Amino acid sequence: MKRSVYNHVRAKATLAIATRNATANGTAVDRQLSGASGTNEWFASATLLVHTGTVTDGTHAITLEVSDDNSNWTAAASGDVQGTLPSIAAANDDALYEVGYTGTSRYLRAVTTVTPGATGGIYGASILLGFPNVLPVSRT
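A brief report on the enclosed structure follows. Computed from a prediction, not measured in an experiment: that's the story for all the values here.

1. Brief notes about unusual backbone geometry
Peptide bonds are mostly trans, and most non-glycine residues show a negative phi.
Part 1 of the argument: One non-glycine residue with positive phi stands out, namely Asp-94, at about 50 degrees.
Part 2 of the argument: Owing to a relative accessible area of 65%, Asp-94 belongs among the exposed residues under this scheme.
Part 3 of the argument: The backbone of Phe-131 sits at a positive phi, close to 55 degrees, despite the residue not being glycine.
Part 4 of the argument: You can see Phe-131 is positioned in strand β12 (residues 121-132).

Pasting the structure below:
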């Protein structure tokens, strides 16, 4: 097996790329994935990636929420967050933000809280999972 990022990480969408002018919760990302031949891959590390297109107006605060049961959600503890969660405005067109998560919660999601703007902005978020307990990472 060649040593490559492709064999060590999985990317999962949490906020689909869309024009946003209202607060929204992202889709949950499970850090334990069912891999090939029934293996359970646990990913010890996660990074939230937020990518913007054109942001016309409003302020779009991105937070990372965590859950152990995919039902009860809380903001990630500040001690578990590496970097700064972005607050996106019109000056942030075509930007990419990376925020690490070092906690142990199984489920993660991005949340955007929008201070209204008439048009809003185009952006989305993904969670990059890394350091799996099974290699290579399954793509099924």
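2. Focus: the nonpolar core
Part 1 of the argument: Ranked by size, the top nonpolar core spans 24 residues in total, and within it Leu-48, Leu-64, Tyr-101, Leu-108, Ile-127 and Leu-129 carry the most contacts.
Part 2 of the argument: Residue assignment for this core shows that the elements contributing at least two residues are β5 (40-55), β6 (59-67), β10 (96-101), β11 (107-115) and β12.
Part 3 of the argument: Per-element accounting of this core gives the leading share, 5 residues, to β5.
Part 4 of the argument: Leaving out residues up to four positions away in the same chain, Tyr-101 has contacts with Arg-31, Ala-46, Leu-64, Val-66, Ala-76, Asp-80, Gln-82 and Leu-108.

3. Quick notes on the pairing of β12
Part 1 of the argument: Counting buried positions over the 12 residues of β12 gives 9, a clear majority of the element.
Part 2 of the argument: Relative to β12, strand β1 (residues 9-20) runs antiparallel, the two sharing 9 bridges. Residue pairing in the sheet places Ala-11 in a bridge with Leu-128 of β12.

4. Notes on the pattern of salt bridges
Part 1 of the argument: Inspection of every chain in the model, using the stated rule, returns 2 salt bridges.
Part 2 of the argument: Of the charged contacts in the structure, one is a salt bridge between Asp-30 and Arg-106, with a shortest N-O distance of 2.7 Å. Linking Asp-30 in strand β3 (residues 29-30) with Arg-106 in the loop between β10 and β11, this pair joins segments that are 76 residues apart in sequence.
Part 3 of the argument: By relative accessible area, Arg-106 is classed as partly exposed at 27%.

5. Section: the environment of Glu-41
Part 1 of the argument: With respect to the secondary-structure elements, Glu-41 resides in strand β5.
Part 2 of the argument: For the pair formed by Glu-41 and Leu-135, sequence separation is 94 residues and the distance between their alpha carbons is 8.5 Å.

6. Quick notes on the side chain of Asn-92
Part 1 of the argument: Tracing the backbone shows Asn-92 in the loop between β9 (87-88) and β10.
Part 2 of the argument: At a separation of 3.2 Å, a polar atom in the side chain of Asn-92 contacts the side chain of Tyr-97.
Part 3 of the argument: In this structure Asn-92 touches Thr-52, Gly-53, Val-55, Ser-87 and Tyr-97, once residues within four positions along its chain are discounted.

Thresholds applied
Residues numbered from 1 in each chain as written. Predicted model: local features only at pLDDT ≥ 70, side-chain atom pairs only at ≥ 80, totals over all residues. Heavy atoms only, no water. Buried < 20%, exposed > 50% of the residue type's maximum accessible area, 1.4 Å probe, protein only. Helix = DSSP H or I, 4+ residues; strand = E, 2+ residues; numbered from the N terminus. Core = buried A, V, L, I, M, F, W, Y, C linked by side-chain atoms within 4.5 Å. Contact = heavy atoms within 4.5 Å. Pairing = 2+ DSSP bridges. Salt bridge = Lys/Arg side-chain N within 4 Å of Asp/Glu carboxyl O. Polar contact = N/O pair within 3.5 Å; in protein donor to acceptor, adjacent residues only side chain to side chain.

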